[in-house]
Structures are given as C-alpha cells and as structure tokens.
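Observations on the model geometry
What follows is each chain in one-letter form.
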Amino acid sequence: MEVISYNSVRCCNLRRKLVVKKSSTRQQVKTPLCRKQKILCNSVHYRNGSNSLLKNVNYGEGSRPVVKAFDGFKSAESKVLSGKYDGYVIGGEDEVGRVSETGGSVTKVLIPGLPDESKGECGATISSCFWEWKPKFSVHYEKSGSENVNSPPLLLLPGFGVGSFHYEKQLKDLGRDYRVWAIDFLGQGMSLPIEDPTSPSKEGGVTEGKDFAWGFGDKTEPWADDLVYSMDLWRDQVRYFVEEVIGEPVYVVGNSLGGFVALYFAARNPHLVKGVTLLNATPFWGFLPNPVKSPRLAKIFSWSGTFPLPESIRKLTEFVWQQVSDPESIADILRQVYADHSTNVDKVFSSILETTQHPAAAASFASIMFAPQGELSFGEALSRCHMNNVPISLVYGKEDPWVKPIWGLQVKKQVPEAPYYEISPAGHCPHDEVPEACCHGLTCFSHQINPQ
C-alpha cells in the first residue's frame, strides 16, 4: 500500500455550510477563504487473506493525515477484479484503522500543497484567450505554462454549466511544469455566441430588462444553420482545438460532462491523445436519439436543439430557466455537489451567475437539453479507447450525489490497468475540492506514460 499525505495551507476559520448572502447589489456564496488540511491518499492493493496495520506513520511538518474512504472497497475487490484490486483512497483520519483490512506494504509520499501566494510562492500565470474556430464560433480558453516548451501538454475540459474558470487551481499549479489549456465548450461559459443566432422575433421572447434574449427569433441566421450544442459538436470542437491551437497529442482531463467528451474525443481521435483522466465523468448525456446512429427513430422528434426554439419549447424554457438561473438555485446546486463545504466557491458562484446573464444563455441551455446523444455511448467510447490502447486514469469523489464512485468502478472493471483514485471528503468536483490530490494524480499518470 502507498500512503500519501501532503502539505497545505493551514485553515483559519472553517464553516460547514454554504449560504447565500443577499445585498442590494449582488448575491454571493460565502465560504472561508482558506482550505482545511487534507489528505492521506492510499494506493490499495487488495489480496485475499492478507492483513496489515497502519501505525506510527510520520506525515511530515505541515501535513495532516486524513483517511476516510474505505467503505465499499472490500466488496469492490470481488466485483471488480475477483481477488485483487488496485485503487487509491483519499480521506479522513478517523477511519485510518480500516487500512489494516486491506493488506500490503506502506510507502509514504508527501504531496506538496498548492502555491501559497501569502508566502510569496507564485503559481503559473494564466492567460485568457479566444480562438475563432468558424465564423461566429468564438471559443474561449485559458492557458498557462507556455514557457515550458519541452513539457507535455494538458487539456482540461469542464463540466456542464461551468467553464475554464473551474480549473484555475490546476492552471496555476500544473502550469509551473506543464503546458496547460482549459476550454469553454460552445454554448457555455465565455464561448456563448457573440451574436443572436436568430433574427429578432416580432413577438419577442424571454426578457431581461429591456433586451430580448437571443435564440427566440423567427429565422435562423446563416452562420447558425444546423447549430446544436451537442456531444458531437463538442467532440469536434476539442479535435480542432488540439489540431489548430495545441498542435500535438495531449493528455486530456475531463470533469463530469467534460469527462464524457474527453472519452468520446479520444475514442474517435486516438492519434491525438496521450492519455485520458476522468474526474467523476458522467456516463450518459442526452435524451434524444442520434440522427446518424438511429435515423428512423430520430425522425420521430420534430425538434432536437436547433435554432430558433419552436413555440412549444419557448414557454417551457422561460419557466425552467428562471428556476435554474436563480442565485439561490445555483447556491443549492453547489451545496449538493461540494462535499466539503469549507471549499471557497465565491469565484465559481460569481462566474456561473455571470454566464446566466448572457443574452444567449437561456436558448443555449434549451439547445443543450434537447440535443441528441452522441454517436457513441460512454461504454462504446470506453471500449474503443481500450481497443486502441489509450491510457486511462480515474479520479472520483466519494460523496458525489450525481455520479457515484460505482460508475468509476465499472470503468475500472472494463479497464483493469487504469489507476483509480477515490477521494473523501469530495463530491462531484474533486479537482476543486482536493486540487493537490488531483494534480498529483495527473502528474503521476503522465510520468507513468512518459517517464522522461
């Protein structure tokens, strides 16, 4: 067994609850400005009949062991590899005794914390950029580490409803040693359209002040013909970004929706991928059938995410959008997906809220929700990656209420050689809750593939 702890900034005043504080000018999610110390990471090698006791471990100055995620691993042993299972556990100190049931030897590795700017430690500089993929298709991305010309490139793909801002910690930390890019998917973040994809409607649509929202017009503009914010569009967006902006094969990392897109992209373009890391990747996306994969079935549905939105969808979009874009609703979602409520999510909250105020946000949301599925399912994409020997690693927050670790274990079952990290306490966004552990895992994964 490999036991890993890391140095992190000591936290001042922890609170365990996210609250929205209302004022006359804005609404804000209030959480502490510093993160509490975590974690102990264990590489667990299960063997029938072996037992050991973890004790007298020196974790080093400034670091604190926390182990808490061993529940379920004994059953995972038989379910995943029938007698032997390699995985990683990160969590809280109170259940460290359970390590005695896992067996194996113990090796200590110290994970350094993120750069502490209060002590003069500088993270990598982040640059905000735009790339015009097609006319009117402007893709926002952030990058760091451009000076590391001989280092491997990393591409970070965000989850639904967020953007490159969700990877700020990785950009600052990994950008010290790697070349790192993080993009906003078209229809989300700062990659929303710069013009209305439809001509103005005579009757108007969803309103915000005096301005009509985009996408509710009478006729589609030529540049937006056949535009649907779908898995297939994002797959192609990533492909051309890698080819035209990065210019070489990459390690691609994806959280939630971004994990599915990463796997889908890799399955279709294995020559552009050095490895894939899935961070609580959603194993499904889209409700309507894909027109290429199931053309007859797709014809049953009269609308599948194109512009303009049909009349029958507009009222529904107005109602749903008013609910999901409300600051209280955004705060509620963050409470759900973040297991560690001491994590500072002010920037995440304000960035999401800012995106909802874009005139194209409501119609883009509707397009995403009614877009068809990708040509490949998650399982099919995983099989193709495995068949093409695309290396895969898995990082899953144990307390994710949406994509529970069982989904990661299913991937592990299909790809037994994939490193598997299960982190606790961590929810749907482990890269933001436990960035040190995720950055360490990404670094180890890239070194494993490319030892130089």
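Residues numbered from 1 in each chain as written. Predicted model: local features only at pLDDT ≥ 70, side-chain atom pairs only at ≥ 80, totals over all residues. Heavy atoms only, no water.

**Observations concerning the pattern of salt bridges**
Summed over all chains, the structure comprises 14 salt bridges. In this structure, the salt-bridge partner of lysine 136 is glutamate 195, at a minimum N-O distance of 2.7 Å. On the criterion of sequence distance, the pair formed by lysine 136 in the loop between strand E7 (127-134) and strand E8 (137-144) and glutamate 195 in the loop between strand E10 (179-183) and strand E11 (207-208) is long-range, its members being 59 residues apart. The exposure class assigned to glutamate 195 is partly exposed, which follows from its relative accessible area of 34%. For arginine 235, the salt bridge is made with aspartate 236, and the minimal N-O distance between the two is 3.0 Å. In this structure arginine 235 comes out as buried when scored by relative accessible area, which is 9%. One network of salt bridges, in which partners are shared, links Asp232, Arg235, Asp236, Arg268 and Glu375. (Salt bridge = Lys/Arg side-chain N within 4 Å of Asp/Glu carboxyl O. Helix = DSSP H or I, 4+ residues; strand = E, 2+ residues; numbered from the N terminus. Buried < 20%, exposed > 50% of the residue type's maximum accessible area, 1.4 Å probe, protein only.)

**Considerations on the environment of glutamate 195**
For glutamate 195 and tryptophan 214, which are 19 residues apart along the polypeptide, the C-alpha to C-alpha distance reads 8.0 Å. Those residues within four positions of glutamate 195 in sequence are excluded, and the remaining contacts are Lys136, Trp214 and Trp223. Polar side-chain contacts of glutamate 195 include one of 2.7 Å to the side chain of lysine 136. (Contact = heavy atoms within 4.5 Å. Polar contact = N/O pair within 3.5 Å; in protein donor to acceptor, adjacent residues only side chain to side chain.)

**What about the side chain of serine 191?**
Among the structural elements, serine 191 can be located in the loop between E10 and E11. A distance of 2.9 Å separates the side chain of serine 191 from the backbone nitrogen of histidine 140, its partner in a polar contact. Setting aside chain neighbours within four positions, we find serine 191 in contact with Ser138, Val139, His140, Asp184, Phe185 and Leu186.

**Description of helix H11 (residues 405-414)**
Those residues of H11 lying buried are Pro405, Gly408, Leu409, Val411 and Lys412. Along the axis of H11, the buried positions cluster into a sector of 155°, meaning they face one direction only. (Arc of directions from axis to C-beta.)

**Some remarks on the pairing of E7**
Moving residue by residue along a regular strand, the side chains alternate between the two faces of the sheet. Bridging between E7 and E8 involves 7 bridges; their strand directions are antiparallel. Note that in E8 the partner of serine 127 across the bridge is lysine 143. In sequence, E7 turns back onto E8 through a hairpin of 2 residues, with lysine 136 there showing a positive phi of about 75°. (Pairing = 2+ DSSP bridges.)

**Topic: the nonpolar core**
Leu155, Leu157, Trp234, Val238 and Val276 are the most contacted members of the largest nonpolar core, which has 68 residues in total. Looking at which element gives the most residues to this core, the answer is helix H4 (residues 257-268), with 9 residues. When sequence neighbours within four positions are dropped, the list of residues in contact with valine 276 reads Val252, Ala262, Ala266, Val390, Pro391, Ile392, Ser393 and Phe445. Within the second largest apolar cluster, 20 residues are counted, among which are Tyr251, Leu279, Val395 and Leu442. (Core = buried A, V, L, I, M, F, W, Y, C linked by side-chain atoms within 4.5 Å.)

**Points about the confidence of the model for the protein**
Of all residues in the protein, 73% attain a pLDDT of 70 or more, and the chain-wide mean is 80. Note that pLDDT drops below 50 for residues 90-106; the model gives that stretch 68 contacts with residues more than four away or on any other chain. The model gives residues 204-210 a pLDDT under 50, and that stretch makes 11 contacts with residues more than four places away or in other chains. (pLDDT = per-residue confidence, 0-100.)

**Side note on a nonpolar patch on the surface**
Taken together, the side chains of Phe284, Ile406 and Trp407 define a hydrophobic patch exposed on the protein surface, amounting to about 300 Å² of accessible area. Topologically, tryptophan 407 is positioned in helix H11. Here tryptophan 407 falls in the partly exposed class, since its relative accessible area comes to 37%. (Patch = residues over 30% accessible without salt bridge, like charges linked within 9 Å, V, L, I, M, F, W, Y side chains within 5 Å. Areas by Shrake-Rupley, 256 points an atom, 1.4 Å probe, with all protein chains shown as cover.)

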